[in-house]
Amino acid sequence: MNTTEEHMNFMRVAVEHSKASVRTGGGPFGAVIMQNGVIVGEGNNMVTIMNDPTAHAEVVAIRNACAKLNTFQLTDCTLYTSCEPCPMCLGAIYWARLGKVYFGCGRTDAEQIGFDDAFIYTEINREHGERAIAFEQLLRDEALEAFALWTKKEDKTSY
């Protein structure tokens, strides 16, 4: 099997997860994470099933892969996801340091069926006081104490 066929096969697994998610009451999204030709993490959209707005397929797959591999960084892994990641999942992908991402549907495809993330991309660039959800900074000096502890900690695990 050539590399292109492998990528398509892994994407098909992600797409099957998205279909299974719809059949079991979740949103139409699925994801798998591959390392060295082996699936190490899988996920369906579980938002409505778990009443957890962070339980997107990509996040579930990242959590599962990290647990299986006993790590918080997936630098040598590839994510296959049935749809272009939303802003939250994009952040999780960067925090997990995945090596590459393949996606099926695009964000405009998702928008056409009611999953519109455009407002989040707009909100990210707005100043705190201009956002749709009110943001107000409180107790910055006290909160900075944890940052000072982190800075001084000699045995920390950076990420």
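Source: prediction; values computed, not measured.

1. Section: the environment of Y80
- By the secondary structure assignment, Y80 is in strand 3 (residues 78-83).
- Sequence spacing of Y80 and I93 is 13 residues, and the spatial spacing of their C-alpha atoms is 11 Å.
- Those residues in contact with Y80 that lie beyond four places of it in its chain are H7, F10, M11, A14, G30, A31, V32, M34 and Y102.
- One polar contact links Y80 to H7, side chain to side chain, over a distance of 2.5 Å.

2. Concerning the UniProt feature "domain: CMP/dCMP-type deaminase" (unreviewed entry) in the chain
- Per the UniProt entry, the sites bearing "domain: CMP/dCMP-type deaminase" (unreviewed entry) are residues 5-118 in this numbering.
- This span, residues 5-118, is 46% helix and 22% strand, and a straight line between its end C-alpha atoms measures 33 Å.

3. Some points on the packing of aromatic side chains
- According to the stated counting rule, one finds 6 aromatic pairs in the structure shown.
- With centroids separated by 5.0 Å and ring planes inclined at 5°, the aromatic side chains of Y80 and Y102 adopt a geometry described as stacked. Linking Y80 in strand 3 with Y102 in strand 4 (residues 100-105), this pair joins segments that are 22 residues apart in sequence.
- Taking 6.3 Å as the distance between ring centres and 55° as the angle between the ring planes, the aromatic pair formed by W95 and Y159 counts as tilted. On the criterion of sequence distance, the pair formed by W95 in helix 4 (residues 87-96) and Y159 in the segment after helix 7 (140-152) is long-range, its members being 64 residues apart. As far as the burial class goes, W95 and Y159 line up, both exposed.
- Grouped by ring-pair contacts, the aromatic residues F72, W95, W150 and Y159 constitute a single cluster.

4. As for the packing of helix 3 (residues 57-69) against helix 4
- Orientation of helix 3 relative to helix 4, taken along the N-to-C sense of each, is 25°, at an axis distance of 9 Å. If you check the angle between helix 3 and helix 4, you find them roughly parallel. With respect to the hand of their crossing, helix 3 and helix 4 are arranged in left-handed fashion. The segment helix 3 lies against helix 4, with E58, V59 and I62 engaging M88, C89, A92, I93 and A96.

The rules behind the values
Residues numbered from 1 in each chain as written. Predicted model: local features only at pLDDT ≥ 70, side-chain atom pairs only at ≥ 80, totals over all residues. Heavy atoms only, no water. Helix = DSSP H or I, 4+ residues; strand = E, 2+ residues; numbered from the N terminus. Contact = heavy atoms within 4.5 Å. Polar contact = N/O pair within 3.5 Å; in protein donor to acceptor, adjacent residues only side chain to side chain. UniProt positions renumbered as here; feature names shortened; annotations may be inferred. Phe/Tyr/Trp six-rings, centres within 6.5 Å; stacked < 30°, edge-to-face > 60°. Buried < 20%, exposed > 50% of the residue type's maximum accessible area, 1.4 Å probe, protein only. Axes fitted to C-alpha atoms, helices over the stretch in contact; angles between N-to-C directions. Parallel < 35°, antiparallel > 145°, perpendicular 65-115°, else oblique. Left-handed = near helix turned anticlockwise from the far one by under 90°.

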